[in-house]
Amino acid sequence: MRFPAKALCFLCALYVLCGASFALDREAFSITNYNLYLQIEPEQHRLGVRGKITLRNDRDAPQKIAVLQISSSLGWRSIKAGDRAVQFVTQPFTSDIDHTGQLSEAIVTLPQEVAPHASVDLDIAYEGVILLDATRLTRIGTPEDLAKSTDWDQIDTSFTAVRGAGYVAWYPIATESANLSENNDLPQVLTRWKVREAGSVMHLRLAVSWKQIDSPLPHTFFSGLPCTMEPYLLGVVDADCLPQKERLTSPSLLIADYLVQEKLGVEMHFLPAHGAAAARFAEEAEKVAPLIHDWFGSQRERAKVADLPDPDAAPFESGALLLTPLSNLSSNSAGLAAAHQLTHVSFLSFRPWIDEGLAHFAQVLYLEQQKGRQAALVYMGAHRSVLTAFESSAGTPRSDEEVTHSLVNTVNEELYRSKAMCVWWMLRDVIGDAALKKAIASYKPEQDNDPTYMPRLIAAQTQRDLSWFFDDWVYRDHGLPDFKVESAFSSRTLTKSFLVAITVDNLGSAGAEVPVKVKFAGGEVTKRLEIRAKQKATIRIETPAAAQEIVVNDGSVPESDTTNNTLKVDAPSN
Ligand SMILES: [Zn+2]
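Residues numbered from 1 in each chain as written. Predicted model: local features only at pLDDT ≥ 70, side-chain atom pairs only at ≥ 80, totals over all residues. Heavy atoms only, no water.

A.B. asks: I'm lost on the overall build of the chain in this one. Help?
C.D. replies: On a plain count of helices and strands, the chain comes out with 13 helices and 27 strands. For 574 residues, the compact-globule estimate of 2.2 N^0.38 gives 25 Å, and the C-alpha radius of gyration of the chain, at 27 Å, lies within 12% of that figure. Over its C-alpha atoms, taken along the principal directions, the chain stretches across nearly 95 × 60 × 45 Å. A buried classification covers 55% of the 574 residues belonging to the chain. Put simply, the chain shows about 24,100 Å² of open surface, and 52% of that area lies on carbon and sulfur atoms. Charge-centre separation for the chain: the mean point of 55 positive side chains lies 4 Å from the mean point of 71 negative side chains. (Helix = DSSP H or I, 4+ residues; strand = E, 2+ residues; numbered from the N terminus. Rg over C-alpha atoms; globule rule 2.2 N^0.38 Å. Buried < 20%, exposed > 50% of the residue type's maximum accessible area, 1.4 Å probe, protein only. Areas by Shrake-Rupley, 256 points an atom, 1.4 Å probe, with all protein chains shown as cover. Lys, Arg positive; Asp, Glu negative; His and termini not counted. Charge placed at Lys NZ, Arg CZ, Asp CG, Glu CD.)

A.B. asks: Help me out: how do you make sense of helix α4 (residues 185–197) in this one?
C.D. replies: Because each turn of an α-helix spans 3.6 residues, side chains separated by three or four positions in sequence point in the same direction. For α4, built from 13 residues, the straight-helix expectation of 18 Å at 1.5 Å per residue is met to within 8% by its first-to-last C-alpha distance of 18 Å. For α4, the complete set of buried residues consists of Asp185, Leu186, Val189, Leu190, Thr191, Trp193, Lys194, Arg196 and Glu197. Where the residues of α4 are buried, they touch β1 (29–41), β2 (46–57) and α2 (135–138). Positive backbone phi, at 90°, marks glycine 199, one or two positions downstream of α4. (Expected span 1.5 Å × (residues − 1). Contact = heavy atoms within 4.5 Å.)

A.B. asks: Just checking my understanding: could you explain the state of the cysteines for this structure?
C.D. replies: Think of a disulfide as a covalent bridge from one cysteine sulfur atom to another cysteine sulfur atom. Using the criterion set out here, one finds 1 disulfide in the structure. One disulfide bridge connects cysteine 227 with cysteine 241, the sulfur atoms lying 2.3 Å from each other. On the sign convention where negative means left-handed, the S-S torsion of about 100° between cysteine 227 and cysteine 241 marks this disulfide as right-handed. Placement of cysteine 227 in the loop between β12 (225–226) and β13 (228–233) and of cysteine 241 in strand β14 (residues 236–245) is noted, with a sequence separation of 14 residues between them. We note that cysteine 227, like cysteine 241, is buried. (Disulfide = S-S within 2.5 Å.)

A.B. asks: What exactly am I supposed to notice about the packing of aromatic side chains here?
C.D. replies: Both the distance between ring centres and the angle between the ring planes are used here to describe each pair of aromatic rings. Taken as a whole, this structure holds 16 aromatic pairs when the rule is applied. Relative to tryptophan 425, the ring of phenylalanine 361 has its centre 6.2 Å away and its plane inclined at 70°; by these criteria the two rings are edge-to-face. Residue phenylalanine 361 is found in helix α7 (residues 352–371), and its partner tryptophan 425 is found in helix α10 (residues 413–431); the two are separated by 64 residues along the sequence. With a relative accessible area of 0%, phenylalanine 361 lands in the buried category. When the ring centre of phenylalanine 316 is taken as origin, the NZ or CZ atom of arginine 163, which lies over that ring, is 5.2 Å away. (Phe/Tyr/Trp six-rings, centres within 6.5 Å; stacked < 30°, edge-to-face > 60°. Lys NZ or Arg CZ within 6 Å of the ring centre and 35° of its normal.)

A.B. asks: Sorry, what's going on with the pattern of salt bridges here?
C.D. replies: Where charged atoms from two side chains of opposite charge come close, those side chains can pair. A full pass over the atoms with the stated rule returns 38 salt bridges. Across the pair arginine 351 and aspartate 448 runs a salt bridge whose closest N-O atoms are separated by 2.9 Å. Placement of the pair is arginine 351 in the loop between α6 (331–346) and α7 and aspartate 448 in the loop between α11 (433–441) and α12 (453–459), with a sequence separation of 97 residues. Relative accessible area serves as the criterion here: at 3%, aspartate 448 is assigned to the buried category. Taking the shortest distance from any N to any O, the salt bridge between arginine 528 and glutamate 513 comes out at 2.3 Å. Within this pair, whereas arginine 528 is found in strand β24 (residues 523–531), its partner glutamate 513 is found in strand β23 (residues 512–520), the two being separated by 15 residues in sequence. (Salt bridge = Lys/Arg side-chain N within 4 Å of Asp/Glu carboxyl O.)

A.B. asks: What's the story with the side chain of asparagine 565 in this structure? I'm lost.
C.D. replies: Along the polypeptide, asparagine 565 turns up in the loop between β26 (547–552) and β27 (566–568). Looking at asparagine 565, the relative accessible area reads 4%, which means it is buried. There is a polar contact of 2.8 Å between the side chain of asparagine 565 and the side chain of glutamate 559. (Polar contact = N/O pair within 3.5 Å; in protein donor to acceptor, adjacent residues only side chain to side chain.)

A.B. asks: Could you clarify how one ought to interpret the sheet that holds strand β4 (residues 74–81) in this entry?
C.D. replies: Picture the strands of a sheet paired through backbone hydrogen bonds; they go either parallel or antiparallel. Read from one edge of the open sheet, 8 strands run β5-β4-β8-β2-β1-β10-β14-β13, paired in mixed fashion. A strand with exactly one partner marks an edge of an open sheet, and here the two such strands are β5 (84–85) and β13. Inspection of the sheet shows β2 paired to strand β8 (residues 119–129) by 11 bridges, in the antiparallel sense. The residue of β8 that forms the bridge with arginine 56 is serine 119. Here α4 sits on the sheet in contact with β1 and β2, set at roughly 95° to β1. (Pairing = 2+ DSSP bridges. Axes fitted to C-alpha atoms, helices over the stretch in contact; angles between N-to-C directions.)

A.B. asks: Help me out: how do you make sense of the environment of leucine 326 in this one?
C.D. replies: Examined against the element boundaries, leucine 326 turns out to sit in the loop between β20 (321–324) and α6. Residues leucine 326 and phenylalanine 270 lie 56 residues apart in sequence; the distance between their C-alpha atoms is 7.5 Å. Look past the residues within four positions of leucine 326 in its chain and what remains in contact with it is Met268, His269, Phe270, Ala277, Ala278, Phe281, Val305, Asp307 and Leu308.

A.B. asks: Would you take a moment to explain empty space enclosed by the protein for this structure?
C.D. replies: What the rule picks out here adds up to 4 cavities of 30 Å³ or more. The space that makes up the largest cavity amounts to roughly 50 Å³. As for the largest cavity, its lining consists of Val162, Arg163, Phe221, Ser252, Leu253, Leu254, Phe316, Ser318, Leu321 and Leu323. Residue composition of the lining of the largest cavity, by class: 7 nonpolar, 2 polar and 1 charged. (1 Å grid on protein atoms, 1.4 Å probe; cavity = no way out; pocket = protein on both sides within 12 Å on 5 of 7 lines; lining within 4 Å. Points joined across faces, edges and corners; volume = space filled by probe spheres on them. Nonpolar A, V, L, I, M, F, W, Y, C, P; charged D, E, K, R; others polar.)

A.B. asks: Help me understand the coordination of the zinc ion in this model?
C.D. replies: Tetrahedral coordination by four donors puts the ideal angle at the metal at 109.5 degrees, and octahedral coordination by six puts it at 90 or 180 degrees. Of the protein atoms, only Glu317 (OE), Glu317 (OE), His340 (NE2), His344 (NE2), Glu356 (OE) and Glu356 (OE) coordinate the zinc ion, at distances of 1.9 to 2.4 Å. In this structure, the zinc ion is surrounded by 6 donor atoms whose angles at the metal cover 57 to 155°, and the resulting shape is irregular. (Donors = N, O, S within 2.8 Å, 3.2 Å for Na, K, Ca; no water. Tetrahedral: all angles 85-135°; square planar, octahedral: opposite > 155°, others 65-115°.)

A.B. asks: Please clarify how the environment of glycine 101 should be interpreted in this entry.
C.D. replies: Relative to the helices and strands, glycine 101 is located in the loop between β6 (87–94) and β7 (102–114). Sequence spacing of glycine 101 and alanine 207 is 106 residues, and the spatial spacing of their C-alpha atoms is 28 Å. Those residues in contact with glycine 101 that sit more than four places away from it in its chain are Thr94, Ser95, Asp96, Arg136 and Arg139.

This is the structure in C-alpha cells:
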C-alpha cells in the first residue's frame, strides 16, 4: 500500500485519535446503493449533491473506518449516520482515477464497527465545480490538445457530461491510488472497483438550472437512458432518472441542448450546428444495417448516438448510447461506429466478451466488406498491439490470478474489447461464416446461465474439437501464441510440382489455428495449421514452383512475437 507523505502524517494523528493502531484499508467497503439528488448549475459549472449511500464491509474483519472519495474539485460538506453526524477528516489523495489527478478523501469513523459483509447507510453532502481538466494526462507529458480531447468531461452551459470513476469521481468511490505513469496501474484499480461495485444500484434525481426558459428542455441521459424532464421552477428543470445497475462503463451523466433526428435504424441527438453531419451518420448507418442484420439478427430498437462538441473528442459508450463528435466524423468512422452500435441493438448479452467482443468484431466485418480482408487485418493490428502490451505486462511467470483472468469473467476493457474481437475473428476463420452465424442466432440471453453456454453453441455448429481453443482463450487467460517457422524443406514431386514440408513451433502458451503462406516465383499458397500451445506441427503444401519463403500468421492471430514468423527456403537439392 502506498501513502503520500501527507497521508502518513495524517495517519499518525489518527492513531492517537482512535487509540488503536491500524492500517488504512481504502477498499474495505463497497458502495452497493446510491440515492443521490444533484443540483447542477451549468453557468457556474457547479454540482451540489446530497443523498444516501449504502456501504458494505467486504472484509472478513469488522471495520470501523470507511474511506469515501470524490473528485478534488468537489468538497465534503457533511456525513451522517442516521441523525448523527459522524467524525470525518478530509485530505487530498493523489490518484489518476479522476481527471484532476487527485481526490477529496473523507476518512470516516463510523459510529460502531460494521461486521463482515454487513452494511451501513450514510447520508452525505458534497459540492464544488467540474471544469474541463486534463491534469492527470498533461502531468505525464500528454500534449494538451490530446489530453483535453481525452478528458472532455465538464459541467458547462450548453453541454454537460461527466463520466464516472476512471474519468470524474462525481459520486463517492473508495479505491487505492491509481497511477497513470505505472503500466496497468489505473486499469487494475478500476477493475477492482468495478468488480466490487457489480450489482450496485444508482438512482438519480436532478435539478438543473436552465438559462433558456422559453427554449426546449435539455436532453438528459443517465448511463445512456433518457431521464424524464419536467420544468420545475422558473429556470429550473427537474429530472428523474431510472435507477440503474452499475455497468462496466461507469455511471455517466449527460445534459445538452440537443436536436433529434430519427431515421430508420438510428436516433441521432446532435448539437444545433451539426445537422448535416448527423444526417451523414444516419446515411452510413443505413448502408451498414444489412450486414449487421445478416450476422446478428434484426434490431430490437434504434441505435442511439449523441454528439460531442469537441470535434476531436474520444468517443465513449454510455450504456447503449454512443457519445461521439459528429462534426468531424469521416464516412469510414461513421460506418465503423454505426456497425458497433447497430450490433448492440441487434444482439444482447450481459457477458462483455460476447456483447462488446461481437460489436467490435462487427466493425472488422464492416471494414472487410468495404475494403477487403487486408484492411480488416490492419485495423485489428491496432487492437492486437494493445493486447500484446497488456499480455506482456502481465509478466512471467503469471500468477494464478492472471492465469484465471479469463475472457468469460473479465471486466478489463483491453480484454473484453480487443482480445474478444480477435477471438471472434479466429473462431470465424476456424468454423466459417455460416456456422458462426448459426451459433450467434441460436444464442438466447435468458438461457445464458453458464460461461460455457456460448462456447457450447459454437461447438454444436462444427465437427472440430475446439475445447483447447476455449480453454486457452476464453475460460482461462493463457496469454498469446508465439509462432516460429522452424524448418521448411522443399522437394520435387513426380508430377513436376513441388512439395514443401513446413514445421512451425508455437513457443507461446496459447494454441491457435494460423495461416501458413508459401511464397514462390509468381505466386503464393496459403493453408491453415492448428498448433497447440508449446507444440510443433508440420504441414505439407504443394506449389507449382519451388518455395522461396514461408510466412506464418497473416495478422489474424494475436501473437507475442512476430519477428520469427518468416523463413527463407533453400532450393530443392534433387
Ligand atoms: Zn460497445
